[in-house]
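# Chain and residue survey
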Amino acid sequence: SGPAAADSSTFADAWAVIEKYRLQNKLPRRLLHHLQQGVNGKVGETVKQGDPCLHQVHSVIVGNNLLALDAAKKKAEQMGFAAEIIKSDLQGEARDAAKFLAQTACAKLRNMKNNGCSCLLSGGETTVTVAGSGMGGRNQELALAFAVEIEGQDAVSLLSAGSDGSDGPNDAAGAMVNSRTAARARQLGIEPALYLADNDSYHFFQQFDARSGEQTQLLTGPSGTNVMDIQIMLLGD
């Protein structure tokens, strides 16, 4: 992406990564040859800052994660929620992010008045260190981990989804959970912890929906845009 933007990376940078992780025998020879040609100056680098071809380029950001969160906040307020953007740069492990969001939700609930309802919004892009053999994505893993973290708490729901309609190598954009999801899954014979351990959040939600008749896995198809991920938490009755 960004064909009219300067790129500070070089062939040498790419080759340094290959050497660092000892990937020489794991990548196609054609790719290695091309990179070596670039390192040796036989293939041109991408356009760098200050190149004359960029002198007439003017870039304007027309959409980003914070703009999307702002729009979601306004919509939530129109629907009667007290809305707040708590974080627009959520990153790190999806499970750690889930714990942070669960703790934030619990703290907010303790300070809410009776019969109140709040909408907490966050956005960014988390990661998943894959240790299992399952299928999922950062949003579905975050949602499943959140369901486990928030279990037993009253009146908490979360949606986590990719704004492009994609969450990993599958057809889901993300998932929706609440404070009853984990317990309900066990009643249906689905153990959340086992699916988390196998990084198999996709099949957890697929099985949950099939057995419960609910629709917790979010399937939107490609949205045609991408401003990272969005999490929406609803608190209260």
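Here's a quick rundown of the structure. (Residues numbered from 1 in each chain as written. Predicted model: local features only at pLDDT ≥ 70, side-chain atom pairs only at ≥ 80, totals over all residues. Heavy atoms only, no water.)

Our next topic: the packing of aromatic side chains. Under the definition given, this model contains 3 aromatic pairs. Ring centres 5.0 Å apart and planes at 85° place the aromatic pair Phe204 and Phe205 in the edge-to-face group. Each member of the pair, Phe204 as well as Phe205, is classed as buried. Among the aromatic side chains, those forming a connected cluster through ring pairs are Tyr195, Phe204, Phe205 and Phe208. Above the plane of the ring of Phe100 lies Lys87, whose end atom (NZ or CZ) is 6.0 Å from the centre. (Phe/Tyr/Trp six-rings, centres within 6.5 Å; stacked < 30°, edge-to-face > 60°. Buried < 20%, exposed > 50% of the residue type's maximum accessible area, 1.4 Å probe, protein only. Lys NZ or Arg CZ within 6 Å of the ring centre and 35° of its normal.)

Of all the 7 residues making up strand β2 (residues 118-124), 7 are buried; the element is thus mostly covered by neighbouring parts of the structure. The pairing of strand β1 (residues 82-90) with β2 spans 6 bridges and is parallel. Paired with Leu90 across the bridge in β2 is Gly124. In this fold, the crossover linking β1 to β2 by way of helix α4 (residues 94-110) has right-handed handedness. (Helix = DSSP H or I, 4+ residues; strand = E, 2+ residues; numbered from the N terminus. Pairing = 2+ DSSP bridges. Right-handed = clockwise from strand over helix to strand, strands pointing away.)

Moving on: the pairing of strand β3 (residues 156-162). Counted residue by residue, β3 has 5 buried out of 7 residues, so it is predominantly covered. Taken together, the 7 bridges between β3 and strand β6 (residues 229-235) define a ladder with antiparallel strand orientation. Residue pairing for β6: Ala161 is matched across the bridge by Ile230. Bridge count for β3 against strand β4 (residues 174-178) is 5 bridges, and the pairing is antiparallel. Residue Leu159 lies in a different strand from β4, and its bridge partner there is Met176.

Restricting attention to buried positions, one finds in helix α1 (residues 11-20) the residues Phe11, Trp15 and Ile18. All buried residues of α1 fall inside an arc of 55° around its axis, so they share one side. Buried positions along α1 lie against α2 (29-39). In the segment just after α1, Arg22 is the residue with positive phi, at about 55°. (Arc of directions from axis to C-beta. Contact = heavy atoms within 4.5 Å.)

Turning our eyes to something else, we now look at the packing of α1 against α2. Describing two packed helices takes the angle between their axes plus the distance from one axis to the other. Relative orientation of the contacting elements α1 and α2 amounts to 130°, with a least axis distance of 8 Å. In this view, α1 runs oblique relative to α2, as classed from their interaxial angle. As for how α1 packs across α2, the hand of that crossing is left-handed. Each of Phe11, Ala12, Ala14, Trp15 and Ile18 in α1 lies in contact with α2, whose residues at this interface are Leu32, His34, Leu35, Gln36, Gly38 and Val39. Of the residues assigned to the contact of α1 with α2, the class counts are 8 nonpolar, 3 polar and no charged. (Axes fitted to C-alpha atoms, helices over the stretch in contact; angles between N-to-C directions. Parallel < 35°, antiparallel > 145°, perpendicular 65-115°, else oblique. Left-handed = near helix turned anticlockwise from the far one by under 90°. Nonpolar A, V, L, I, M, F, W, Y, C, P; charged D, E, K, R; others polar.)

Attention shifts here to the pattern of salt bridges. Close approach of charged atoms lets side chains of opposite charge pair. Scanning the model with the defined rule gives 9 salt bridges in all. Notably, a salt bridge pairs Glu125 with Arg138, separated by 3.2 Å at the nearest N-O pair. Highlighted residues: Glu125 in the loop between β2 and α5 (138-149) and Arg138 in helix α5, separated in sequence by 13 residues. Classification of Arg138 by relative accessible area gives partly exposed; the value is 21%. (Salt bridge = Lys/Arg side-chain N within 4 Å of Asp/Glu carboxyl O.)

This part covers the environment of Phe146. Within the secondary structure, Phe146 sits in helix α5. In the structure, Phe146 is positioned 14 residues away from Ser160 in sequence and 9.9 Å away in space, judged by C-alpha atoms. Those residues within four positions of Phe146 in sequence are excluded, and the remaining contacts are Ala98, Leu101, Ala102, Val156, Leu158, Val177 and Met233.

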